[in-house]
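# Report on the structure
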Amino acid sequence: GGSCYDLMGRADEAVLQFREARTLFGRSIGAESPLYGSACERLTLALIHAGEYDEAFDRLEEAFLNCAEKDAIHPTPLYELLGYAVEDMVEKAGVDEEVLGRLEAPIEIAVKNMIHRGLDQDGNAGVLFERMAQVLLRCGMAQGDDEQQKVAARRREFARYLLNRATTLVDETTKSGEADLTHISYMISM
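My aim in this report is to walk through the structure given alongside it, one point at a time.

About the criteria used
- Residues numbered from 1 in each chain as written.
- Predicted model: local features only at pLDDT ≥ 70, side-chain atom pairs only at ≥ 80, totals over all residues.
- Heavy atoms only, no water.
- Helix = DSSP H or I, 4+ residues; strand = E, 2+ residues; numbered from the N terminus.
- Rg over C-alpha atoms; globule rule 2.2 N^0.38 Å.
- Axes fitted to C-alpha atoms, helices over the stretch in contact; angles between N-to-C directions.
- Parallel < 35°, antiparallel > 145°, perpendicular 65-115°, else oblique.
- Left-handed = near helix turned anticlockwise from the far one by under 90°.
- Contact = heavy atoms within 4.5 Å.
- Nonpolar A, V, L, I, M, F, W, Y, C, P; charged D, E, K, R; others polar.
- Phe/Tyr/Trp six-rings, centres within 6.5 Å; stacked < 30°, edge-to-face > 60°.
- Buried < 20%, exposed > 50% of the residue type's maximum accessible area, 1.4 Å probe, protein only.

## Brief notes about the overall build of the protein
Counting its secondary structure elements, the protein contains nine helices and zero strands. Listed N to C, the secondary structure of the protein is α-α-α-α-α-α-α-α-α in terms of helices and strands. Rg of the C-alpha trace for the protein: 17 Å, near the compact-globule value of 16 Å for 190 residues, within the 12% margin. Each principal axis of the C-alpha distribution contributes one length, and for the protein these read about 45 × 45 × 30 Å.

## Description of the packing of helix α4 (residues 53-69) against helix α5 (residues 75-92)
One way to put it is that α4 packs onto α5 with a least axis distance of 9 Å and a crossing angle of 160°. Taken together, the axis directions place α4 and α5 in an arrangement best described as roughly antiparallel. Classified by chirality, the crossing of α5 by α4 is left-handed. Taken together, the residues of α5 that come into contact with α4 (itself represented by Tyr53, Ala56, Phe57, Leu60, Ala63, Phe64, Cys67 and Ala68) are Pro77, Leu78, Leu81, Leu82, Tyr84, Ala85 and Met89. Here the contact of α4 with α5 is built from residues that sort into 15 nonpolar, no polar and no charged.

## Details of the packing of aromatic side chains
On inspection of all chains with the given rule, the structure shows one aromatic pair. Their ring planes at 20° and their centres at 6.5 Å tell us that Phe158 and Tyr161 sit as a pair that is stacked. Taken together, the residues span about one helical turn, with Phe158 and Tyr161 both in helix α8 (residues 146-176) at a distance of three residues. A residue is classified by how much of its surface remains accessible, and Phe158, at 15% relative accessible area, is buried.

## Brief notes about the environment of Val111
Residue position: Val111 is located in helix α6 (residues 104-116). Remark: the alpha-carbon pair of Val111 and Leu162, spanning 51 residues in sequence, is separated by 9.0 Å. Setting aside residues up to four positions removed in sequence, Val111 forms contacts with Phe129, Met132, Phe158, Tyr161 and Leu162.

The following block contains the structure:
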């Protein structure tokens, strides 16, 4: 029901449906369930469409963490969620990019899980690592007091690590002919 409402431009009704699904799944099967994460992701989109960005970011953070911690972690939903955060909320809606800092720990969990499962060795990982780095750089500007500067420096260091990993993976994927990721290589080199 919720997806149909959202597609029909009835975001408020979609939000109600997905809030209900999230609550139901949370109670019955738990927040670790992929169904719960899926409800959070769909609720995020409906909230974005309804212009409710604060709650949308809360649900996005929840959905990202759900995906990041999964045994069956996959780069695509993580990539898409980061896109909603940056493109839909920060760039289009004008949400303060400092909110992206809330994704630092979930990004770290995702990277560790991918490394642990050997999913950090291909072009998909490279493309995701590049987007993760962009998120960290956007909320890693050196400003404020000493503590804020330390946090920003840590985020930039983590972003540098991810960009270095991404460069190798993306270049190897392009050279092998598996996929043309020169546009990602170009973004990294900027």
